[in-house]
Amino acid sequence: MLRPILLVLLIGLPVAAASATTPSPPAVAQAADAPPPGGDGSDSEPSLEPYVEHTNALDTTRRYVYDGVDWVARRVDGWFGDRPFEQGGKVAGSISLSFLWRQDEGVDWLTRFRVRLDLPNLREQAFLFIGRDNEREVVSDRPEGFTRREQLLQETRDDQSFFAGLGAQLGDVISLRAGFRGGLKPYAQARYQNDWALGRRDVIEFKETLFWTVDDGFGTTTALNYGHLFEPTLALRWNSAATWSQDTDGVAWASSLGLYKDFGFQRRLSLETLINGETGGESEVSEYGVRARWEQPVYKDWLLAELILGYFWPRKDSATERGQAWAIGAGLQMRF
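This is a predicted model, so every value here is computed, not measured.

Engineer: Which residues make up the overall build of the chain, and what are the values?
Structural biologist: Within the chain one finds three helices and 14 strands. A total of 336 residues make up the chain; the buried ones form 49% of that total. Look at the contacts in the chain between residues 6 or more apart in sequence, and 56% of them connect residues 24 or more apart. Put simply, the chain shows about 16,500 Å² of open surface, and 60% of that area lies on carbon and sulfur atoms.

Here is the structure:
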């Protein structure tokens, strides 16, 4: 257990010192990697506005998606008791479409969705989640900023799968999840997550996830983040993570240092340096590079667009010279 944590500290601190000109989202006032924390990605609560009238195809589509998920939630909730759904029931989720072009890999398109259902008849014990995403990253609880999508790395269709399960929150810092991913393969997670303020402008966030799968056996993901707030709209963050499992030869690690500028109305600019690799792998430092991202709503406050530009120096193995590659990513996300 100590091995991944020590690697995070040993790897992340030199990277942070060496790349003091990088970016990530507003830190203390706002958690980094706004996307969902756990494997289901449903811990975030996208804004929900009343569906009063539908003036175009976008409003109508969102209404149909929400109504369909809401209908399923009410039926499932009825299996567990007679409490009305209006007494604490809630549906929240997102559907996203992303495009990626990378100079050394080509073009790729991917879709994702994540939904969380808070059911009144289960609310005191558990919640339901369902989605489609990279199954290894879902199971290992890989931090959002270090997923393949966020690092502008391509994924095959085999990497994607549907997942569903039950989650439960035990107190403020411990949560449990168990479910199935593609092919009805069971998996389970136990997560400890906490943060500590180091004054008015600094915070440390720590997350430790233990997981088990049929394919990978037992494993753990450790994430450690530090944030400093320069002013209400400008922050610096250092993020690091390490994942180990019985199925791997070493520890997959990643670290980033970045600046995040918030322009209000969900408009955000970030500039980051990143590095990642795997101990015991063919190349312990697989890649390093820089990444710039712009995010903003394009319709009301629930249809969001992002544009990412990156430049990377990848290396597949020790016998290959380190290459260079531009990468461009774009995405649309509909929250409901």
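After that view of the structure, there is still more to cover.
Engineer: If you had to explain the confidence of the model for the chain to someone new, which residues and values would you point to?
Structural biologist: Put simply, the chain has an average pLDDT of 83, and 84% of its residues get 70 or more. Ignoring residues within four places in sequence, the model shows residues 1–52, a span with pLDDT below 50, making 145 contacts including any to other chains.

Engineer: So, the pairing of strand S7 (residues 202–213): which residues are in play, and what are the values?
Structural biologist: Burial within S7 is extensive, with nine of its 12 residues counted as buried. Inspection of the sheet shows strand S6 (residues 185–197) paired to S7 by 11 bridges, in the antiparallel sense. Bridge assignment links Ala197 to a residue of S7, and that residue is Val203. In this sheet, strand S8 (residues 217–231) lies alongside S7 in antiparallel orientation, the contact comprising 12 bridges. If you follow Thr213 over to S8, its bridge partner there is Gly217.

Engineer: Give a description of the environment of Gly280 that names residues and reports values.
Structural biologist: In this fold, Gly280 is placed in the loop between strand S11 (267–278) and strand S12 (285–299). You can call Gly280 exposed: its relative accessible area is 55%. Gly280 sits 30 residues away from Gly250 along the chain, and the two C-alpha atoms are 5.2 Å apart.

Engineer: Outline unusual backbone geometry, listing residues and values.
Structural biologist: Look at Leu152: it is not a glycine, yet its phi comes out positive at around 60 degrees. For Leu152, a relative accessible area of 2% puts it in the buried group. Of note in the backbone geometry, Lys300 takes a positive phi value of approximately 50 degrees without being a glycine. By the element assignment, Lys300 lies in the loop between S12 and strand S13 (303–314).

Engineer: How would you summarise the packing of aromatic side chains if you had to cite specific residues and measurements?
Structural biologist: Counted under the stated rule, the structure contains 10 aromatic pairs. Taking 6.3 Å as the distance between ring centres and 45 degrees as the angle between the ring planes, the aromatic pair formed by Phe129 and Phe163 counts as tilted. With Phe129 in strand S3 (residues 127–134) and Phe163 in strand S4 (residues 160–170), this residue pair connects regions lying 34 residues apart in the sequence. On the accessibility criterion, Phe129 (3% relative accessible area) is buried. Judged by its relative accessible area of 2%, Phe163 is buried. Ring centres of Tyr299 and Trp302 lie 5.3 Å apart, and the angle between their planes is 85 degrees; on these two criteria the pair is classed as edge-to-face. The same class applies to Tyr299 and to Trp302, which are both buried. Joined through ring pairs, the aromatic side chains of Tyr288, Tyr311, Trp313 and Trp326 make up one cluster. The ring of Phe127 has Arg116 lying over it, and the distance from NZ or CZ to the ring centre is 3.7 Å.

Engineer: Which residues make up a nonpolar patch on the surface, and what values do they have?
Structural biologist: Side chains of Leu97, Trp101, Val107, Trp109, Leu307, Leu309, Trp326 and Ile328 sit close together on the surface and give an oily, nonpolar patch of about 760 Å² of accessible area. Listing elements by their share of the nonpolar patch, those giving two or more residues are strand S1 (90–102), strand S2 (106–118), S13 and strand S14 (325–335). Along the polypeptide, Ile328 turns up in strand S14. For Ile328, a relative accessible area of 34% puts it in the partly exposed group.

Engineer: Could you give me a rundown of empty space enclosed by the protein, with the residues and numbers involved?
Structural biologist: To find leftover empty space, one rolls a probe the size of a water molecule over the atoms. Per the counting criterion, the structure on display carries two cavities of 30 Å³ or more. Of the volumes computed, that of the largest cavity is approximately 120 Å³. Mapped by element, the contributors of at least two residues to the lining of the largest cavity are S1, S2, S13 and S14. For the lining of the largest cavity, the residue count by class is eight nonpolar, three polar and four charged.

Engineer: Can you tell me about the pattern of salt bridges, naming the residues and giving the values?
Structural biologist: Applying the stated rule across the entire model yields 21 salt bridges. Through salt bridges with shared partners, a single ionic network connects Arg112, Arg114, Asp133 and Glu155.

Engineer: Let's hear about the layout of surface pockets: which residues, and what values?
Structural biologist: Here the second largest pocket defines a volume of roughly 1,100 Å³. Arg148, Leu153, Ala252, Asn276 and Glu278 are, among the 40 residues lining the second largest pocket, the residues nearest its centre. Elements with a contribution of two residues or more to the lining of the second largest pocket: helix H3 (135–140), strand S9 (234–245), strand S10 (252–264), S11 and S12. With five residues, the top contributor of residues to the lining of the second largest pocket is H3.

Engineer: A description of the pairing of S12 should follow, citing residues and the corresponding values.
Structural biologist: Of the strand pairs in this sheet, S11 and S12 are connected by 10 bridges, and their pairing is antiparallel. Its bridge partner lying in S12, Thr273 is registered against Val290. Between S12 and S13, which pair antiparallel in sequence order, lie three residues; one of them, Lys300, sits at a positive phi of approximately 50 degrees.

Calculation notes
Residues numbered from 1 in each chain as written. Predicted model: local features only at pLDDT ≥ 70, side-chain atom pairs only at ≥ 80, totals over all residues. Heavy atoms only, no water. Helix = DSSP H or I, 4+ residues; strand = E, 2+ residues; numbered from the N terminus. Buried < 20%, exposed > 50% of the residue type's maximum accessible area, 1.4 Å probe, protein only. Contact = heavy atoms within 4.5 Å. Areas by Shrake-Rupley, 256 points an atom, 1.4 Å probe, with all protein chains shown as cover. pLDDT = per-residue confidence, 0-100. Pairing = 2+ DSSP bridges. Phe/Tyr/Trp six-rings, centres within 6.5 Å; stacked < 30°, edge-to-face > 60°. Lys NZ or Arg CZ within 6 Å of the ring centre and 35° of its normal. Patch = residues over 30% accessible without salt bridge, like charges linked within 9 Å, V, L, I, M, F, W, Y side chains within 5 Å. Salt bridge = Lys/Arg side-chain N within 4 Å of Asp/Glu carboxyl O. 1 Å grid on protein atoms, 1.4 Å probe; cavity = no way out; pocket = protein on both sides within 12 Å on 5 of 7 lines; lining within 4 Å. Points joined across faces, edges and corners; volume = space filled by probe spheres on them. Nonpolar A, V, L, I, M, F, W, Y, C, P; charged D, E, K, R; others polar.

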